[in-house]
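Descriptive analysis of the structure
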Amino acid sequence: MALKVLIVDDDFINRKLLQTLLKKNPGVTDILEAENGSDALDKLKKDSDINLILLDIMMPIVDGIEFLKIFRSDMANAHIPVIVLSTDDTRKTEVFDNGANDFLRKPIKEDDLFGKIEQWS
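In what follows, the accompanying structure is described. (Residues numbered from 1 in each chain as written. Predicted model: local features only at pLDDT ≥ 70, side-chain atom pairs only at ≥ 80, totals over all residues. Heavy atoms only, no water.)

1. Concerning helix 1 (residues 12-23)
The periodicity of an α-helix, 3.6 residues per turn, causes residues three or four positions apart to be oriented the same way. Spanning twelve residues, helix 1 covers 16 Å between terminal C-alpha atoms, matching the ideal 16 Å at 1.5 Å per step. Those residues of helix 1 lying buried are Arg15, Leu18, Gln19, Leu21 and Leu22. End-on view of helix 1: buried residues confined to an arc of 165°, all on one side of the axis. Within helix 1, the exposed residues directed more than 90 degrees away from the buried face are Ile13 and Lys23. The elements touched by buried residues of helix 1 are strand 1 (3-8), strand 2 (28-34), strand 3 (52-56), strand 4 (82-86) and helix 5 (110-120). (Helix = DSSP H or I, 4+ residues; strand = E, 2+ residues; numbered from the N terminus. Expected span 1.5 Å × (residues − 1). Buried < 20%, exposed > 50% of the residue type's maximum accessible area, 1.4 Å probe, protein only. Arc of directions from axis to C-beta. Contact = heavy atoms within 4.5 Å.)

2. Brief notes about the sheet that holds strand 5 (residues 102-105)
Strands belonging to one sheet form pairs held by backbone hydrogen bonds; the direction of such a pair is parallel or antiparallel. Strand order in the open sheet made by the five strands is 2-1-3-4-5, with parallel pairing throughout. Strand pairing shows two members of the sheet lacking a second neighbour, strand 2 and strand 5, which therefore form its edges. Ignoring which end each strand starts from, the neighbouring axes of this sheet average 20° apart. As judged from the six bridges shared by strand 1 and strand 2, these two strands associate in the parallel manner. (Pairing = 2+ DSSP bridges. Axes fitted to C-alpha atoms, helices over the stretch in contact; angles between N-to-C directions.)

Below you can see the structure in the form of structure tokens.
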């Protein structure tokens with residue numbers, strides 16, 4: 001399994017934390033980062049072999065929900081799973097309604113994250 005994962009989070013510390021966790025996972029070979037939904041959409045255009053997206057909701061410019069709407073409106077992206085990472089459980093329904101595949105509560109625990117990666121890859 002060789003996974004290319006895109007981390008979408010406006011918080012530098014969160015991105016670094018996720019990087020550190022993902023680097024411990026033998027299945028993850030490449031890690032890309034985006035600071036917001038707009039940045040993520042650009043990266044996805046350039047890189048068609050991203051296998052998994054870890055998405056924050058609260059971001060400037062294009063937030064997680066907006067990103068999901070745009071991303072899921074293109075059928076070419078249908079096969080790419082999106083796991084939403086958030087401190088806000090109340091938005092679960094909203095993210096699933098907009099095409100997220102899964103939801104993890106922050107702070108992210110390594111076991112939970114690896115379990116989800118296994119499930120969706």
